[in-house]
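So the chains spell out like this:
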Amino acid sequence: MEAVRTTCPYCGVGCGILAKADGSVAGDPDHPANYGRLCSKGAALGETLALEGRLLHPEIDGKRASWDAALDRVAAGFADTIARKGPDAVAFYVSGQLLTEDYYVANKLIKGWLGTANIDTNSRLCMASSVAGHKRAFGSDTVPGNYADLEEADLVVLVGSNLAWCHPVLHQRIMAARAKRGGLPKLVVVDPRRTATAEGADLHLPLAMGSDVALFDGLLAHLIETGAVDEAYVARHTTGLAKPSTDIEAAARLCALPRATLQAFYADFARTKKVVTVYSQGVNQSASGVDKVNAIVNCHLATGRIGLPGMGPFSVTGQPNAMGGREVGALSNQLAAHMDFAPADVDRVARFWQAPRIATKPGLKAVELFAAIERGEIEAVWIMATNPAASLPDADRVARALARCKFVVVSDCVADTDTLKHAHVKLPALGWGEKDGTVTNSERRISRQRPFLPAQGAAKPDWWIVSQVAKRLGAAFDYAGPADIFAEHVALSAFENGGSRDFDLSGLIAADYETLRPTQWPVTAAGSAERMFASGGFFAPGGKARLLETAPRAPVNATDAEYPFALNTGRVRDQWHTMTRTGRSPRLAAHLREPFVVVAPSDAKRLDLADGKFARLATRWGGATLRARIDAGQTPGTIFAPMHWTGTHAADARVNAAVNPAVDPISGQPELKHSPARLAAWTPAWEGFLLRRDAVRALPLDYWIASAGYAHTRYDIAHCGALDVDALVGSGMRLEYRDDKGGRRRVAVLDGERLTAVLFVGPHATLPDGAWLASLFAKPVLAPDERRALLAGRPSGAVDQGQVVCACHGIREGAIDAAIAGGCASVSAVGAATKAGTNCGACVPELAARLAALATRAA
Ligand code: SF4
């Protein structure tokens, strides 16, 4: 079976993958993003390919329909709305999951033919502040460096980035370089939380939430004071260097960091020439995100540390093709190919596209776009490959807006999301293994995503779906395939360019699409640029970059007596976005099965919360019921909750429903990292877990979390009302244990020799972890001793092994602790003894933390 070279559909690292039709995947050793590495999510892609849960046929008003009928209905819905209310009454909301070719035709249709720029992408939630910061400083949305810089640097500063969990392969590249280069690059992590990334760093700066501008303004002041500014570079290539508003004293106060710690970081930065500052969602997802970006970029411009090996500011994107969306112009304030709405750009793009009704002004950004839907100003919306009813801030309001919208079209590859519930027309799109096109990763590298599976059901490529609707709306979108679209995208990037725009693919005009190798843009006849701006050449007026004055600002919605906690949101290692795909992998579910809220020990004590108990999180916008995790790495007064769980996977864990909808005034990026919140213990009447061979859509309980298992689904459950066993386990031959006084109930249900359901209810500390019970669902016939042990929850004499740490090999805490107790004193020794951490390496920071914690405890 031939392996096909393709790319991972998850994060912005953009790892190359060798995939086979049997679903096996391996890292592509020749891909320059990962050189053969994959993280746990990439390595588990094979478990997400099953047809179960796929949207396989078009539907109109909940009934299966032909493609012709569905496409006619979409075209008619949009044409009718435009005829009645004008072009600004329609909108597209698209996604960094789309391939560049899909993105290109969607953008061209709405901006060139429908006459509105009301198209925004979920990348607005991810890196819009970086885009705006780049454009303010460089005059263009250019990431100056590349991944090799992270290995060549002597100092890497990670700001608002839990790289070890969110971009694991980049983290592994840094850690491998450190092992090879005697500890270089030195690693500094700037993050209010002590994350897995911070655990492995030389220095962790747990700054006050949102104080990044003060930190980097203070750094710039220090660089100026100590003569670390590169005067020649600044004079030749920049404008606007002014004394920053913050000095080290003020920075220490605003960041709530000891002056000496700050001083040490500043001195390190000042004396180290080869510095890369990597920043991600902790910087971007803020109401002052653009200023944060520019405060970082200022420090690199002032020292001339940009565009040279091992130097530069480096924004890493969340999504696999966030960069592709920026390239085609799928943000509402861009037009196309890194051109905006200046009259000359509009004229140029209109002539190139021969567009009859080109949009002449920016459209609405994501949060305001859904607010316009709620107000009834937008009456028709087409959502492609994304789940805004779960992922946007104030997500319940987004769901309400969609519920009242007159015409909602959703194209997706999955059948059940919080957003699809509101669709009048559902259009089945290809899944990852079936897609054919290109994506661009965080280092400007364009790679092919190639199909290794046939299209499933009636699913079609997104570019085809959009083109068919375009034809019905009178646009001649006659593309034979993605190669045609890519060729047009390349030609537009080169059209009347002549070096005036950074995004230039003219060097690919004659390239063979099928065999296209990973290539960094700009790529011209002179070749591909690995780095930008070492010798200036910025796209701002005069070819000079702008040093911008930035000033620290408090969050838009501050905490108060009623909502005293600052809620920070983010990701976990083994899940991706709203879990529509990673949520189907039992291997990935085993790491962190339930959503949680992380609380500092002092706050937990005050609130009477214990580890593993329940807490009710509430904000002015919404709430969630979550397990409490008590963590000394959490700053008192702040809490953290992951954002992945939706109404499809949980009763009440839609954390984005609780997030405030404040946005950065320039980028429109929401402040997902800071919402005032309150927290209280939540005490159900009972709790437990349910394993069922047949999954159910929802349970009639206050708390349930569904997670994928092999041949079963697990539900972690709790409820304030009475326990109704019949409603949970279904019919069959029952084995039962009941201890009313102790609040315990254990039920196993068999269909002949096969296990069909298991229910365990009791105090948290008395429940087995359920891993052994879960393993029995794979067996067609239970052995007599297995039947006998069912109600004990584990074989006689066995002990629970705890949660999975290494997802690739399914290694649990118990095995790791046993190896450490047996004398393994390093991560590699633990790996040799247990295999943990020896495949993708994503769990290495946790192994290191476990070793350190056990060593401390032993001491
Ligand atoms: Fe995929 Fe992991 Fe690579 Fe990101 S780091 S692209 S999720 S394999």
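In what follows, the structure referred to is the one given above.
Everything numeric in this text was worked out from a predicted model, so none of it was measured.

> Is there a simple way to explain the overall build of the protein chain in this structure?
When you go through the protein chain residue by residue, the secondary structure sums to 29 helices and 36 strands. Considering only C-alpha atoms, the protein chain reaches an extent of 80 × 70 × 60 Å along its principal axes. For the protein chain, restricting intrachain contacts to residue pairs at least 6 apart in sequence, the fraction spanning at least 24 positions comes to 70%. Within the protein chain, the 88 negative side-chain charges are centred at a point lying 1 Å from the centre of the 93 positive side-chain charges.

> Explain the sheet that holds strand E23 (residues 565-570) here, please?
Whether parallel or antiparallel, the strands of a sheet pair through hydrogen bonds between backbone atoms. Sheet architecture is closed into a barrel: 6 strands sit in the order E23-E27-E24-E26-E25-E28, paired in mixed fashion. The sheet shows a mean angle of 45° between the axes of neighbouring strands, taken without regard to direction.

> Teacher, can you tell me more about the pairing of strand E15 (residues 407-412) here?
Each regular strand shows side chains that alternate between the opposite faces of the sheet. Of all 6 residues in E15, 6 are buried; the element is thus mostly enclosed. Because side chains alternate across E15, one face comprises the buried residues Phe407, Val409 and Ser411, and the other comprises Val408, Val410 and Asp412, equally buried. Across 4 bridges, E15 lies against strand E16 (residues 425-428) in parallel orientation. Residue pairing across strands places Asp412 opposite Pro428, the latter belonging to E16.

> For this particular structure, what's the right way to read the nonpolar core?
General note: in soluble globular proteins, nonpolar side chains tend to be found buried as a group. Core analysis: the largest hydrophobic core is formed by 65 residues, its most contacted members being Phe78, Phe92, Trp353, Trp382 and Leu427. If one sorts the elements of this core by residue count, helix H3 (residues 100-113) sits on top with 7 residues. Those residues in contact with Phe78 that sit more than four places away from it in its chain are Val90, Ala91, Phe92, Leu114, Ala380, Val381, Trp382, Phe407 and Val409. Counting 52 residues, the second-largest nonpolar core is a separate cluster that includes Ala19, Cys39, Phe452 and Cys824.

> Would you explain the site of the ligand in this entry?
The environment of the ligand is made up of Cys8, Tyr10, Cys11, Val13, Gly14, Cys15, Leu38, Cys39, Lys41, Gly42, Pro168 and Val169. At the level of secondary structure, the elements contributing two or more residues to the shell around the ligand comprise helix H1 (40-43) and helix H7 (168-180). Of the residues assigned to the shell around the ligand, the class counts are 9 nonpolar, 2 polar and 1 charged.

> It is not clear to me how the pattern of salt bridges should be interpreted in this structure. Could you clarify?
Pairs can form between side chains of opposite charge once their charged atoms are near each other. Evaluated as defined, the whole model comprises 64 salt bridges. Arg531 is the salt-bridge partner of Asp149, the closest N and O atoms lying 2.7 Å from each other. With Asp149 in helix H5 (residues 147-152) and Arg531 in the loop between strand E21 (527-528) and strand E22 (545-546), this pair connects stretches of sequence that are 382 residues apart. Each member of the pair, Asp149 as well as Arg531, carries the same accessibility label: buried. Glu753 serves as the salt-bridge partner of Arg787, at 3.4 Å between the closest nitrogen and oxygen. Residue Arg787 is located in helix H26 (residues 784-789), and its partner Glu753 is located in the loop between strand E33 (744-751) and strand E34 (754-761); the two are separated by 34 residues in the primary sequence. Under the relative-accessibility criterion, Arg787 is labelled partly exposed at 24%. For Glu753, a relative accessible area of 37% translates into the label partly exposed.

> What is the right way to read the pairing of strand E18 (residues 445-449) from this model?
Judged by how many residues are buried, E18 sits mostly within the fold: 5 of 5 residues are covered. Side chains of E18 alternate between two faces, with Arg445, Ser447 and Gln449 and Ile446 and Arg448 buried alike. Judged from the 4 bridges that link them, strand E17 (residues 437-440) and E18 form a sheet pairing that is antiparallel. Counted as the bridge partner of Thr440 is Ile446 from E18. Counting the residues in the hairpin turn of E17 and E18 gives 4 residues, including Arg444, whose phi is positive at 65°. Sheet analysis places E18 next to strand E19 (residues 519-520), joined by 2 bridges and oriented antiparallel. Note on E19: the bridge partner recorded for Arg445 is Gln520.

> Would you explain the packing of aromatic side chains in this entry?
For the coordinates displayed, the defined rule picks out 24 aromatic pairs. For the ring pair Phe78 and Phe92, a centre distance of 5.8 Å and an interplane angle of 70° mean the geometry is edge-to-face. Remark: Phe92 occurs in strand E6 (residues 90-94) and Phe78 occurs in helix H2 (residues 67-85); sequence separation between them is 14 residues. Comparing Phe78 with Phe92 shows no difference in burial state: the two are buried. Relative to Phe495, the ring of Phe352 has its centre 5.2 Å away and its plane inclined at 55°; by these criteria the two rings are tilted. Remark: Phe495 occurs in the loop between helix H21 (482-494) and E19 and Phe352 occurs in helix H16 (residues 343-353); sequence separation between them is 143 residues. With relative accessibility at 22%, the residue Phe495 sits in the partly exposed group. What links up through ring pairs into an aromatic cluster is the set Phe78, Phe92, Trp382 and Phe407. A cation over an aromatic ring shows up here: Lys108 above the ring of Phe477, its NZ or CZ 4.9 Å from the ring centre. Here the guanidinium or amino end of Arg193 rests over the ring plane of Phe640, the centre of that ring lying 3.5 Å away.

> Is there a simple way to explain the environment of Cys255 in this structure?
Here Cys255 is to be found in helix H11 (residues 248-255). Looking at Cys255, the relative accessible area reads 0%, which means it is buried. Setting aside anything within four residues of it in sequence, one finds Cys255 in contact with Pro206, Leu207, Ala208, Ser211, Ala214 and Leu215.

> When you look at the side chain of Ser130 in this model, what are you seeing that I'm missing?
Structurally, the position occupied by Ser130 is in helix H4 (residues 128-138). Relative accessible area serves as the criterion here: at 0%, Ser130 is assigned to the buried category. Those residues in contact with Ser130 that sit more than four places away from it in its chain are Tyr279, Asn284, Val293 and Ser315.

> How should the sheet that holds strand E3 (residues 25-27) be read in this particular structure?
Strand order in the open sheet formed by 3 strands is E1-E2-E3, and the pairing between neighbours is antiparallel. Every interior strand has two partners, whereas the edge strands, strand E1 (4-7) and E3, have only one. With direction set aside, neighbouring strand axes in the sheet form an average angle of 35°. For strand E2 (residues 16-19) and E3, the ladder comprises 3 bridges, and the chain directions are antiparallel. Pairing of Ile17 across the sheet is with Gly27, part of E3.

> What is the right way to look at the side chain of Asn294 in this model?
Secondary-structure assignment places Asn294 in helix H14 (residues 289-302). A relative accessible area of 0% places Asn294 in the buried class. In this view, Asn294 contacts Gly133, Arg136, Ala137, Leu548 and Thr550; residues no more than four positions away in its chain are not counted.

Conventions adopted
- Residues numbered from 1 in each chain as written.
- Predicted model: local features only at pLDDT ≥ 70, side-chain atom pairs only at ≥ 80, totals over all residues.
- Heavy atoms only, no water.
- Helix = DSSP H or I, 4+ residues; strand = E, 2+ residues; numbered from the N terminus.
- Contact = heavy atoms within 4.5 Å.
- Lys, Arg positive; Asp, Glu negative; His and termini not counted.
- Charge placed at Lys NZ, Arg CZ, Asp CG, Glu CD.
- Pairing = 2+ DSSP bridges.
- Axes fitted to C-alpha atoms, helices over the stretch in contact; angles between N-to-C directions.
- Buried < 20%, exposed > 50% of the residue type's maximum accessible area, 1.4 Å probe, protein only.
- Core = buried A, V, L, I, M, F, W, Y, C linked by side-chain atoms within 4.5 Å.
- Near = heavy atom within 4 Å.
- Nonpolar A, V, L, I, M, F, W, Y, C, P; charged D, E, K, R; others polar.
- Salt bridge = Lys/Arg side-chain N within 4 Å of Asp/Glu carboxyl O.
- Phe/Tyr/Trp six-rings, centres within 6.5 Å; stacked < 30°, edge-to-face > 60°.
- Lys NZ or Arg CZ within 6 Å of the ring centre and 35° of its normal.

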